[in-house]
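Understanding the architecture of this molecule
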Amino acid sequence: MTVTNNGNGKTLATQSALNSAIDAICDILRRSNAASALQYIPELTWLLFLRILDEREAEEADNAAAVGQSFTPSLVAPYRWHDWAAPGAAFREQLWNQGSGALFAFVNNDLLPYLHGLRNQPGATPRQRVISEIMSGIERTRVDTERNFLDVVDRVDAIRESNISTQHVFPLSQAYEGLLLKMGEKNNDGGQFFTPREVIRAMVQVVDPQFGEHVYDPACGTGGFLAEAFKQMYGHNPNPFELESLKRNTFFGREKENLIFPIALANLVLHGVDEPRLWHGNTLTGNETYGGLYAGAPAQYEVILTNPPFGGKEGKEAQVRFAYKTSATQVLFLQHVIDSLVKGGRCGIVLDEGVLFRTNEQAFVQTKRKLLDDCDVWCILSLPAGTFINAGGGVKTNILFFNKGKRTERIWYYDLSARKVAKRKPLTLADFDEFFELLPTRADSERSWTVERAAIEASGYDLKAVNPAAPPDGDMRTPAELLDAIEAYGQEAADALAALRRLTEQ
């Protein structure tokens, strides 16, 4: 796949060239009243989405004409990108010639309200509802001047998609994913939305969703798990029927945050999921903001991939919907996940270590007992403490893999916690190589071991990964040896003080 800049004839043939082009757009936005990633990414999102939508619908219209069929675009004139945004477009020139303020008046008072209202039109198509939701958080452009706005629009217009290459590379969506990483940085206060991409890839590879299965994330954030699942399934060369299903009826998610929900939709569309089946609202309380895209969603799913928020607290409104009452967000999400899996369904879920080792709160123990009774928890992968450091989270986390419908008899553990992670040294997929090598047989090694069900029950359902081959963390010296050491250190300190005193007396 190549992306051609029609504005100056330059072809962006590499991922780095495309990344640079998008970074240049972000630079303009940052100096045009959208200083942080939480401001400039939503602005770029809606413009880039409308640009790609225009190109895809032009291609669909050509394909329909080639076989003698009609095609009805999602947008009417003058609201299509090639009407008001493309360089040289007659309506764009008309707005500019009207003088200062006309372009912004059209965008803020005409275009955006029209896009917001698409979902309410009689007979609105699924795509029109998606468009309306992606635009739902945009009330007006954040760019400070019309000249800067047109500069951004021209650069967005220059980014043009061609067909997906036979190598299944997704350059534009990968560039967009790179932007989303910036929303997850600590200084942007967006860490709750971001799971490291390599962790997502490893989890999708283990759970391995198949054609015909429905994939669900009840806390989907920017849609990373669903997008990666699509990429992996697309790489298995779907036939036309399977591809249509992937695009329209495979990926389901829920997201509460108003800022993030439209970005998740746009992320999935850019990956090629034409109709993301996302629900906007609070998963745990059931309070719905918008559910129009979720109509006909299954009650249970074959595959769940998720990373629920860490450390959240829920009130009574959420707790009354669950068998085991607690304010701990992750414990409620774990109950929701168990209930949402079909018999035989598979799950990969990130949980903080506190959920695993806490045995002093009834709901924690009850939920873990239900998990082990209803599901086969066949693997717990212990992640390094700094895995979420770029999102401002130092909490220790684990990935649980389980299948519903058979009780847990034993758990195979794999320990990655010795890997030192830093902001400039994040986890890579290569760090999981030995894990994947041992996975088929679940063999023991210096990093892996198996714990039987009886031992788990005897511990009060403490599921924490404690590597028996790891060197002890504590001081193993006897009390007598410790006293000798203290005495020796004390003598060294006394000798040093005496030497200093002699020096001062000379």
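Residues numbered from 1 in each chain as written. Predicted model: local features only at pLDDT ≥ 70, side-chain atom pairs only at ≥ 80, totals over all residues. Heavy atoms only, no water.

1. Here we look at the overall build of the protein
Note the threshold: Helix and strand assignments follow DSSP, with helices taken as H or I runs no shorter than four residues and strands as E runs no shorter than two, numbered in order from the N terminus. Note on exposure labels: buried denotes an accessible area under 20% of the residue type's maximum, exposed denotes more than 50%, and partly exposed covers the range between, all computed with a 1.4 Å probe on protein chains only. Exposure was quantified through the Shrake-Rupley algorithm and a 1.4 Å probe, taking into account, for residues, occlusion by the shown protein chains and nothing else.
Across its full length, the protein carries 19 helices and 12 strands. Within the protein, the fraction of its 506 residues that count as buried is 51%. Total accessible area on the protein is roughly 22,900 Å²; 50% of this is exposed by carbon and sulfur atoms.

2. What about the side chain of T367?
So the rule is basically this: We call two residues contacting when some pair of their heavy atoms lies within 4.5 Å.
Secondary-structure assignment places T367 in helix α16 (residues 362-374). Setting aside its immediate chain neighbours within four residues, T367 contacts Y324, V331, L334, Q335 and I338.

3. Description of α16
Where we set the bar: Any helix carries an expected span of 1.5 Å times its number of residues minus one.
When the terminal C-alpha atoms of α16 are compared, their 18 Å separation across 13 residues agrees well with the 18 Å that a helix rising 1.5 Å per residue should span. Turning to α16, its buried residues number three or more, namely A363, F364, V365, T367, K368, L371 and L372.

4. Some points on unusual backbone geometry
At the junction of A77 and P78, the peptide bond is cis and its omega measures out at 5 degrees in the coordinates. Look at N33: it is not a glycine, yet its phi comes out positive at around 80 degrees. For Y461, which is not glycine, the phi dihedral falls at a positive 70 degrees. Relative to the assigned elements, Y461 resides in the loop between α18 (453-458) and α19 (479-505).

5. Re the packing of helix α14 (residues 329-340) against α16
Rule in force here: For helices, the fitted line uses only the C-alpha atoms of the stretch in contact; every axis is such a line through C-alpha atoms, and the angle between N-to-C directions lies from 0 to 180 degrees. An angle below 35 degrees is treated as roughly parallel, one above 145 as roughly antiparallel, one from 65 to 115 as roughly perpendicular, and anything else as oblique. Crossing handedness: left-handed means the near helix sits turned counterclockwise from the far one by under a right angle, and right-handed means the same turn made clockwise. Under this grouping Gly is polar, as are all residues other than the nonpolar Ala, Val, Leu, Ile, Met, Phe, Trp, Tyr, Cys and Pro and the charged Asp, Glu, Lys and Arg.
Running from N to C, α14 and α16 cross one another at 25 degrees; their axes reach a closest spacing of 10 Å. Taken as axis vectors, α14 and α16 run roughly parallel relative to one another. As α14 runs across α16, the sense of the crossing is left-handed. Two secondary-structure elements touch here, α14 through V331, L334, Q335, I338 and D339 and α16 through A363, F364, T367, K370, L371 and D374. Its residues placed into classes, the contact of α14 with α16 shows 6 nonpolar, 2 polar and 3 charged.

6. Observations concerning the sheet that holds strand β8 (residues 341-352)
The strands that make up a sheet are held in pairs by hydrogen bonds between backbone atoms, and each pair lies either parallel or antiparallel. As a reminder, the rule being used: Pairs of strands are assigned from DSSP output, requiring at least two bridges between the strands.
Here 10 strands make up an open sheet; going across it, the order is β6-β5-β4-β3-β7-β8-β10-β9-β11-β12 and the pairing mixed. In this open sheet, the two edge strands, each paired with only one partner strand, are β6 (288-290) and β12 (448-452). When strand polarity is set aside, the average angle formed by the axes of neighbouring strands in this sheet is 20 degrees. The pairing of strand β9 (residues 375-382) with strand β11 (residues 410-415) spans 4 bridges and is parallel. In the strand pairing of β11, I380 is matched with Y413. Contacting β9 and β10 (397-404), α16 crosses the sheet at an angle of about 115 degrees to β9.

7. Overview of the confidence of the model for the protein
Operational definition: The predictor's confidence in any single residue is recorded as pLDDT, a number from 0 to 100.
With 87% of its residues at a pLDDT of 70 or more, the protein has an overall mean of 87. pLDDT under 50 marks residues 1-9. Its contacts with residues more than four places away, or in other chains, come to 25 contacts. Note that pLDDT drops below 50 for residues 163-169; the model gives that stretch 12 contacts with residues more than four away or on any other chain.

8. Observations concerning the environment of L439
Its place among the elements puts L439 in the loop between α17 (433-438) and β12. Under the relative-accessibility criterion, L439 is labelled buried at 16%. Taking C-alpha positions, L439 is 9.0 Å from C379, a pair spaced 60 residues apart along the chain. Beyond its immediate chain neighbours, meaning those up to four positions away, L439 contacts V206, W378 and W412.

9. A short note on a nonpolar patch on the surface
Here is the rule we go by: Each patch is built from residues that are more than 30% exposed by relative accessible area and take part in no salt bridge. Like charges join if they lie within 9 Å; nonpolar side chains (Val, Leu, Ile, Met, Phe, Trp, Tyr) join within 5 Å. What makes a salt bridge here is a side-chain nitrogen of Lys or Arg within 4 Å of a carboxyl oxygen of Asp or Glu, nothing more.
On the surface, a cluster of nonpolar side chains totalling about 320 Å² of accessible area is made up of L497, L500 and L503. On the secondary structure map, L497 appears in helix α19.

10. Examining helix α10 (residues 224-234)
Of all 11 residues in α10, 10 are buried; the element is thus mostly enclosed. Those residues of α10 that sit buried are F225, L226, A227, E228, A229, F230, K231, Q232, M233 and Y234.

11. Some remarks on the packing of aromatic side chains
Quick reminder of the rule: Any two of the Phe, Tyr and Trp rings considered here, Trp counted by its six-membered ring, make a pair once their centres fall within 6.5 Å; the pair's planes then place it as stacked at under 30 degrees, edge-to-face at over 60, or tilted in between. By definition here, charges over rings are those cases where NZ of Lys or CZ of Arg is within 6 Å of the ring centre and within 35 degrees of the ring normal.
For the coordinates displayed, the defined rule picks out 20 aromatic pairs. On the basis of an interplanar angle of 65 degrees and a centroid distance of 5.5 Å, the ring pair of W81 and W84 is categorised as edge-to-face. Taken together, the residues W81 and W84, both in helix α3 (residues 81-84) and 3 residues apart, mark about one turn of the helix. Of the two residues, W81 and W84, both sit in the buried class. A ring pair is formed by Y216 and Y301, whose centres lie 4.3 Å apart and whose planes are at 15 degrees; its orientation type is stacked. Residue Y216 is located in strand β3 (residues 215-217), and its partner Y301 is located in strand β7 (residues 301-306); the two are separated by 85 residues in the primary sequence. Taking relative accessible area as the criterion, Y216 reaches 1% and is therefore assigned buried. Judged by its relative accessible area of 2%, Y301 falls in the buried class. An aromatic cluster is built from W46, Y79, W81, W84, F91, F104, F106, Y114 and F149, whose rings are joined through pairwise contacts. One Lys or Arg, R254, reaches over the ring of W279 and ends 4.4 Å from the middle of that ring.

12. A short note on the nonpolar core
We count it as follows: What we call a nonpolar core is a set of buried Ala, Val, Leu, Ile, Met, Phe, Trp, Tyr and Cys residues that are connected through their side-chain atoms within 4.5 Å.
Within the largest apolar cluster, 100 residues are counted, with the highest numbers of intra-cluster contacts made by W46, W84, F149 and F435. It is helix α2 (residues 37-66) that provides the largest number of residues to this core, a total of 11 residues. Those residues within four positions of F435 in sequence are excluded, and the remaining contacts are V206, C379, L381, F401, W412 and Y414. Counting residues in each nonpolar core, the second largest holds 33 residues, with F364, V365, L372 and I411 among its members.

13. Focus: the pairing of strand β4 (residues 251-255)
Keep this limit in mind: A crossover counts as right-handed when, viewed with the strands pointing away from the observer, the path leading from the first strand over the helix to the second turns clockwise.
Buried residues dominate β4, accounting for 5 of its 5 residues. Alternating residues of β4 divide into F251, G253 and E255 and F252 and R254, and every residue in both groups is buried. Sheet topology places β4 next to strand β5 (residues 277-281); 4 bridges connect them, and they run parallel. Looking at β5, one finds that R254 is bridged to W279. Assessed by its sense of winding, the connection that carries the chain from β4 through helix α12 (residues 260-271) to β5 is right-handed.

14. A closer look at the environment of N403
Put simply, the rule reads: In the analysis that follows, any N or O atom pair within 3.5 Å is treated as a polar contact, provided that within protein one partner can donate a hydrogen and the other can accept it, and provided that, for residues neighboring in sequence, both atoms belong to side chains.
Mapped onto the secondary structure, N403 falls in strand β10. Of the residues examined, N403 reaches a relative accessible area of 27% and is grouped as partly exposed. With 28 residues separating them in the primary sequence, N403 and C375 have C-alpha atoms 5.4 Å apart. Among the polar contacts made by the side chain of N403, one reaches the side chain of W378 at a distance of 3.5 Å.

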